[in-house]
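# Structural features, examined
The residues making up each chain are set out below.
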Amino acid sequence: MQKESIFSFIQKVLVNMPEGWVKTTTHRLDIYNEALAKTEFLMQFEQLFEKGDASRKSLEELPTAYDYIRLGHPLSCVLEWTLAKINDVDAHQVISFSSRTAPILAVLRKNLLENKNTRLVFNKELPAFIDLEKIREVYGYNFEAIKIESLSALDNYAGSTVHIKQDGNNLSTTLESAADFTITTHGRLGSIISINNDSNKHYIGDIQHVRRRETIAMTPADSLKVLKSLVNNSNLSIPSIDTDVKKKVLKTIQEVAGINEAPVVGSSGLSIQYAIMMGLIDHANENHPGKPIKFVVPPNCYGGTNDQARRVAATLDHVEIMDLPVDGENDMVNSTEKVLVEIAKQDAIPYIIAEIPTNPRVEVPELDALKKVLLQERKTPTGSIAVDPVFILDQTFCPNIQFMKAGELLENVRSISYASGSKFPSGGKCTAGYCIGNPNAKSLMLKVSEHLNLCDNEATDLQYELLAEQLPGMNDRIKGAYLNTREFVNFIEDTLPEAKINFVSEELAQRGFTPSVFSLDLPTQGNTPEERENYKRNLNLKLIHLMINKIPHESKFCVSYGQLKGCYWTVPATSTQGTTKEEDKDYIVRASLSANMDLELHKQVFKEFVTTHIH
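The numbers attached to residues start from 1 for each chain and follow its sequence in the written order. Where local features are concerned, this predicted model is filtered to residues with pLDDT of at least 70; where side-chain atom pairs are given and counted, the filter is 80 or more; whole-chain, interface and lining totals use all residues. Note that water and hydrogens are dropped before the side-chain values are worked out from all heavy atoms of the structure.

### Re the overall build of the chain
A run of H or I in DSSP becomes a helix once it reaches four residues, and a run of E becomes a strand once it reaches two; helices and strands are each numbered from the N terminus. Helix and strand counts for the chain stand at 20 helices and 18 strands. Radius of gyration here uses only the C-alpha atoms, and the compact-globule reference equals 2.2 Å multiplied by the residue count raised to the power 0.38. Computed over its C-alpha atoms, the radius of gyration of the chain comes to 24 Å, within 12% of the 25 Å expected for a compact globule of 615 residues. Expressed as lengths along the three principal axes of its C-alpha atoms, the size of the chain is roughly 70 × 65 × 55 Å. The proportion of buried residues among the 615 residues of the chain is 61%. In what follows, a contact means two residues having at least one pair of non-hydrogen atoms within 4.5 Å. Considering only contacts within the chain whose residues lie at least 6 apart along the sequence, 75% involve residues at least 24 apart. About 24,000 Å² of surface is accessible on the chain, with carbon and sulfur atoms providing 46% of the total. Using a 1.4 Å probe on the protein chains alone, a residue whose accessible area is under 20% of its type maximum counts as buried, one over 50% counts as exposed, and one in between counts as partly exposed. For the area figures, the Shrake-Rupley method with a 1.4 Å probe applies, and any residue is considered shielded solely by the protein chains shown.

Encoded structure:
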């Protein structure tokens with residue numbers, strides 16, 4: 001009876017759910033408590049279940065589940081809640097993934113750091129892309145892999161037992177407890193891991209963190225398919241990628257980049273970055289065995305980049321993160337020179353991850369000088385030629401710049417360019433990301449593709465469709481959004497000249513650097529640095545709340561960029577999902593404008609802010 005009532009309630013939820021549960025990728029921060037991600041949403045969802053209230057109005061009033069659908073979203077939470085509810089376990093013990101490999105890697109990572117044994121057990125041969133030897137050799141994870149007929153045949157084990165079930169079209173609603181973890185896979189829809197037994201609850205946060213950083217949650221569209229299959233007791237419809245759509249996306253990426261190399265498309269920008277990092281580590285192990293590997297990362301760049309890089313280094317003794325200061329008083333050219341000299345002294349392998357323009361202060365280095373630094377030959381202490389750097393360029397803020405084509409900055413440098421497709425490439429319609437290497441990086445890109453496949457992090461069928469729809473018009477949208485941003489920045493400079501604005505110069509814009517994001521350092525007051533900082537932080541929030549309350553149909557408090565319409569506001573400008581170190585956070589407002597917005601209304605509200613709160 002309980003199962004029937006649950007399914008009946010979920011059927012009503014699926015009929016009445018807000019459209020944004022399926023289509024929105026970035027959710028509102030003004031109704032989001034990060035410390036209670038998933039928890040607050042499910043607490044109130046549970047209350048609706050108890051009251052039998054599945055009305056559209058009540059569902060629309062639920063708080064934000066996660067700020068960004070890569071981490072999770074209402075439908076992934078509802079799916080996990082449903083499976084947990086019918087099995088009488090805590091909903092936090094059920095976690096869905098778009099990847100079939102990632103939950104395996106999540107348990108292996110946790111056990112490596114805890115020096116705990118792991119055995120993977122399965123009754124069908126694992127898919128060929130889950131390369132167990134590669135996981136041992138490159139990722140450094142230790143485990144046993146055993147094919148079994150039944151869990152009952154297993155002996156006691158001093159460690160974690162992970163049962164991998166390949167359910168395919170069938171969706172089992174029973175969560176087993178005979179193993180420590182049960183992972184059910186459903187083809188390209190992804191997988192669901194259940195964390196069995198109270199003794200394993202401390203794994204929940206670590207498994208969730210892998211979903212946050214190295215892959216994505218099962219997508220809203222795929223979660224919806226699984227939920228419908230559950231409540232209708234029907235077979236799952238496993239999607240396949242339309243090869244013509246995929247070819248169109250790959251060709252458009254080549255056109256955007258201005259080179260004819262083979263790109264790859266992942267389920268998110270961080271899925272792509274993870275494939276890049278692990279692919280380069282694999283390449284280094286094969287071509288430079290024994291040499292240490294240095295990933296060079298700006299300490300205040302996008303929080304996910306920073307966190308993921310350090311997570312990889314934490315599990316591999318020969319991989320280390322080195323800081324690349326690029327903002328404010330620091331200069332990317334000089335910092336790159338210093339770090340490459342140091343890496344040559346250590347006879348190590350330099351992999352540089354950088355953003356151009358920088359985030360959040362939107363600065364562009366002197367490109368000819370940077371090219372010279374990257375191409376300069378250096379010597380190790382023994383006199384041998386040092387390994388040349390690989391430049392991994394995050395182009396999320398300027399995906400239209402052709403850095404790698406003939407005659408440009410990175411033509412002769414081993415380079416890989418990548419971008420979060422959740423921004424301009426898809427206009428915020430999906431999380432997919434992509435990367436492409438220049439001819440000098442051909443062997444590196446083969447490894448990147450291999451690890452994207454191993455991690456089962458390729459873009460989904462729907463993600464390819466959305467990219468095919470939006471990518472061709474991307475450069476026109478970038479131009480329109482830049483023009484709006486330039487006009488708004490000029491207005492702010494005239495209206496509030498004492499504010500400091502970080503945005504590209506007119507000269508850089510004429511060279512093609514036309515971002516539509518700027519950061520705003522508002523004027524402050526106070527007798528001590530602490531008073532001045534607190535005053536500014538309060539002022540930041542007053543501005544954002546005035547904008548989103550006065551223009552709710554366009555202005556939104558969320559972390560993103562490159563959206564199809566409206567204006568996004570966020571603070572602090574350097575942090576998302578709470579991973580950037582506090583001392584590296586930049587508590588200034590970041591605004592992201594689109595080509596489709598009521599600019600005059602935004603000017604009017606900003607003027608009201610200045611009149612009310614500044615002058």
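### Here's the deal with the confidence of the model for the chain
pLDDT is defined as a per-residue confidence score from the predictor, taking values between 0 and 100. Averaged over all residues, the pLDDT of the chain equals 92, while 95% of them reach at least 70. Note on residues 573-580: pLDDT is under 50 here. Beyond four places in sequence and across chains, it has 38 contacts.

### Concerning the nonpolar core
For the purposes of this section, nonpolar cores are sets of buried Ala, Val, Leu, Ile, Met, Phe, Trp, Tyr and Cys residues that join through side-chain atoms within 4.5 Å. Counting residues in hydrophobic clusters, the biggest one holds 131 residues, and the most contacted among them are F45 and F606. Among the elements that line this core, the one with the most residues is helix α17 (residues 474-495), at 8 residues. When residues no more than four places from it in sequence are discounted, the contact partners of F606 are F488, F491, I492, L496, L520, L543 and M547. Membership of the second largest hydrophobic core comes to 65 residues, among which are V210, I281, V448 and L452.

### Some points on helix α5 (residues 74-86)
One less than the number of residues in a helix, times 1.5 Å, gives the span that helix is expected to have. In this model α5 runs 18 Å from its N-terminal to its C-terminal C-alpha over 13 residues, within 8% of the 18 Å that 1.5 Å per residue would give. Judged by how many residues are buried, α5 sits mostly within the fold: 12 of 13 residues are covered. D88, located one to two residues past α5, shows a positive phi value of around 60°.

### Section: the sheet that holds strand β13 (residues 433-437)
Strands sit in the order β7-β13-β12-β11-β10-β8-β9 across an open sheet of 7 strands; the sheet is mixed. Edge strands, defined here as strands with exactly one partner in the open sheet, are β7 (264-266) and β9 (319-323). Taken over all neighbouring pairs, the strand axes of this sheet differ in orientation by 20° on average, direction set aside. Each pair of strands is called paired provided DSSP finds at least two bridges between the two strands. Bridging between strand β11 (residues 390-394) and strand β12 (residues 414-420) involves 5 bridges; their strand directions are parallel. Among the inter-strand pairings, D394 is bridged to a residue of β12, identified as Y418. Lines fitted to the C-alpha atoms define the axes, with helices restricted to the stretch that makes contact. Angles between their N-to-C directions range from 0 to 180 degrees. Against the sheet, helix α11 (residues 269-287) makes contact with β7, β8 (293-297), β9, β10 (349-355), β11, β12 and β13, and its axis sits at roughly 160° relative to β12, the strand it touches most. Along the sheet, helix α13 (residues 332-345) makes contact with β8, β9 and β10, crossing β10 at roughly 165°.

### Re the packing of aromatic side chains
Only centres within 6.5 Å qualify two rings of Phe, Tyr or Trp (six-membered ring in Trp) as a pair; their planes then separate them into stacked at under 30 degrees, edge-to-face at over 60, and tilted for everything else. Applying the stated criterion across every chain yields a total of 19 aromatic pairs. Aromatic pair F181 and Y203: ring centres 4.8 Å apart, planes at 70°, arrangement edge-to-face. In this pair, F181 is assigned in strand β5 (residues 181-185) and Y203 in the loop between β6 (191-195) and α8 (204-213), connecting sequence segments 22 residues apart. On the basis of relative accessibility, which here comes to 0%, the residue F181 falls in the buried class. Its relative accessible area of 0% is what places Y203 among the buried residues. Taken together, the ring pairs in this structure connect F9, W21, F41, F45, F49 and W81 into an aromatic cluster. Across the ring face of Y203, the terminal group of K110 is positioned such that the distance to the ring centre comes to 5.8 Å. The ring centre of F143 lies 4.1 Å from the NZ or CZ of R136, which sits over that ring. Placement of a charge over a ring requires the Lys NZ or Arg CZ to be within 6 Å of the ring centre, with the centre-to-atom vector within 35 degrees of the ring normal.

### Some thoughts on the packing of α11 against helix α15 (residues 442-454)
Between α11 and α15, the least distance of the axes is 7 Å, while the angle of their chain directions is 120°. When the axes of α11 and α15 are compared, the pair comes out oblique. As α11 runs across α15, the sense of the crossing is right-handed. In this structure, α11 uses S271, I272, A275, I276, M278, G279, L280, D282, H283 and E286 to contact α15, whose residues at the interface are S443, L444, K447, V448, E450, H451 and L452. Grouping the constituent residues of the contact of α11 with α15 by class yields 8 nonpolar, 5 polar and 4 charged. When an angle is under 35 degrees it counts as roughly parallel; over 145 it counts as roughly antiparallel; between 65 and 115 it counts as roughly perpendicular; any other value is oblique. In a left-handed crossing the near helix is turned counterclockwise from the far helix by less than a right angle, and in a right-handed crossing that turn is clockwise. Nonpolar residues are Ala, Val, Leu, Ile, Met, Phe, Trp, Tyr, Cys and Pro. Charged residues are Asp, Glu, Lys and Arg, and all others, Gly as well, are polar.

### Things to note about the environment of I10
With respect to the helices and strands, the residue I10 is situated in helix α1 (residues 2-16). Residues I10 and H318 lie 308 residues apart in sequence; the distance between their C-alpha atoms is 49 Å. Every residue in contact with I10, bar those within four places of it in the chain, is listed here: F45, V78, W81, T82, L227 and V231.

### Quick notes on the sheet that holds strand β4 (residues 160-166)
An order of β1-β6-β5-β4-β2-β3 is seen for the 6 strands of this open sheet, with the pairing classed as mixed. The open sheet has two free edges, formed respectively by β1 (94-97) and β3 (144-147), since each of these has just one partner strand. Ignoring which end each strand starts from, the neighbouring axes of this sheet average 20° apart. The strands touched by helix α6 (residues 102-113) within the sheet are β1, β2 (118-122), β4, β5 and β6, with β2 carrying the most contacts at an inclination of about 155°.

### Some remarks on the pairing of β12
Across the 7 residues that make up β12, a large majority, 7, are buried. Here 5 bridges tie β12 to β13, and the two strands are oriented antiparallel to one another. Directly across from S417, in β13, lies its bridge partner I436.

### Considering helix α14 (residues 367-375)
For an α-helix, 3.6 residues make a turn, and residues three or four places apart therefore share a direction. Along α14, the positions that sit buried rather than exposed are L367, L370, V373 and L374. Seen end-on, α14 carries its buried residues on one side only, within an arc spanning 120°. In this structure, α14 carries D368 and K372 as exposed residues pointing more than 90 degrees from its buried face. Close packing links the buried residues of α14 with α13, β10 and β11. An arc is given here, and it is the one of the directions from the helix axis to the C-beta atoms.

### Examining the pattern of salt bridges
Two side chains that carry opposite charge are able to pair once their charged atoms sit near each other. For this analysis, a salt bridge means a side-chain nitrogen from Lys or Arg found within 4 Å of a carboxyl oxygen belonging to Asp or Glu. Enumeration according to the criterion identifies 36 salt bridges in this entry. Between D456 and R100 there is a salt bridge, with its nearest N and O atoms 2.8 Å apart. With a gap of 356 residues between them, D456 in the loop between α15 and α16 (461-470) and R100 in the loop between β1 and α6 connect regions that are remote in the sequence. Judged by relative accessible area, D456 falls into the buried class, the value being 12%. Linked through salt bridges whose partners overlap, the residues forming this network are K134, D282, E286, K447 and E450.

### Some points on the pairing of β9
When β8 meets β9, the two strands line up parallel, connected through 5 bridges. By the bridge assignment, K294 is partnered in β9 with E320. For a crossover, the right-handed case is the one in which the path from the first strand over the helix to the second runs clockwise, viewed with the strands pointing away from the viewer. What joins β8 to β9 is helix α12 (residues 303-315), and the crossover it makes is right-handed.

### Concerning unusual backbone geometry
Omega for the bond connecting I356 with P357 falls within 30 degrees of zero, at -5°, which places this linkage in the cis form. A positive phi is found at N233, a non-glycine position, where the angle reads about 55°. Structurally, N233 is set in the loop between α9 (220-232) and α10 (243-257). Overall, the relative accessible area of 73% leaves N233 in the exposed class. Despite not being glycine, D456 shows a phi value in the positive range, around 55°.

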